[in-house]
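Results of the structural survey
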Amino acid sequence: MTDPKTHAQQLEFFEIPSPCVGVCESGPRGFCKGCFRSRDERLYWLKVDDATKRKIISACVRRKKNVSAKKRKAQVEQGEEREQQYPLFDSPP
């Protein structure tokens, strides 16, 4: 089996790409609606070190999960639950 520390060390050889997905629109709290970075995180991305980039990406993942959870909660409260997905070969009831 592979050791997680060894795997993390191997990743340090590669450049950390920008999490930008090309949406580039600020939300109500100032975070990008596409990559969930703050204005400063976007502005200084090319100037920060790899450790800081990893922290930014982790923060973006947390922010995205929070936004998704709030959207799901709002949909459930409004009775807009997702349509049930049916098996491929069965007809819906």
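Figured I'd write up the structure that's included with this text.

The rules we used
- Position labels on residues start from 1 in each chain and follow its written sequence.
- For a predicted model such as this one, the threshold for reporting local features is a pLDDT of at least 70, and the threshold for listing and counting side-chain atom pairs is 80 or more; totals across whole chains, interfaces and linings nevertheless cover every residue.
- With hydrogens and water set aside, each side-chain value is computed from the structure's full complement of heavy atoms.
- Segments assigned H or I by DSSP are reported as helices when at least four residues long, segments assigned E as strands when at least two residues long, and all are numbered from the N terminus.
- Summary of the burial criterion: residues with accessible area below 20% of their type's maximum are buried, those above 50% are exposed, and those between are partly exposed, where the area comes from a 1.4 Å probe applied to protein chains only.
- Counted as positive: Lys and Arg. Counted as negative: Asp and Glu. His and the chain ends are not counted at all.
- Put simply, a salt bridge is a Lys or Arg side-chain nitrogen that is within 4 Å of an Asp or Glu carboxyl oxygen.
- Polar contacts, as used here, are pairs of N or O atoms within 3.5 Å; protein pairs need one atom able to donate a hydrogen and one able to accept it. Residues neighboring in sequence count only if both atoms are side-chain atoms.
- The contact criterion used is simple: two residues touch if any of their non-hydrogen atoms lie within 4.5 Å.
- Here is the rule: rings of Phe, Tyr and Trp (six-membered ring for Trp) pair when centre to centre is within 6.5 Å. Planes less than 30 degrees apart are stacked, more than 60 are edge-to-face, and the remainder are tilted.
- Charge-over-ring placement is defined geometrically: NZ (Lys) or CZ (Arg) within 6 Å of the ring centre, and within 35 degrees of the ring normal.

1. Things to note about the side chain of arginine 37
The residue arginine 37 is located in the loop between α1 (4-11) and α2 (39-43) in this model. There is no salt bridge for the buried arginine 37, and the closest opposite charge comes from glutamate 41, which lies 6.1 Å off by N-O distance. Here serine 18 takes part through its side chain, which lies 3.3 Å from a polar atom of the side chain of arginine 37. Those residues in contact with arginine 37, other than ones at most four positions away along the chain, are Ser18, Pro19, Cys20, Gly30, Phe31, Cys32, Arg42, Trp45, Ile56, Cys60 and Arg63.

2. Some points on the packing of aromatic side chains
The relative placement of two aromatic rings is captured by the distance of their centres and the angle of their planes. Within the structure shown, the criterion is met by zero aromatic pairs. In this structure, arginine 37 packs its charged tip against the face of tryptophan 45, placed 5.2 Å from the ring centre.

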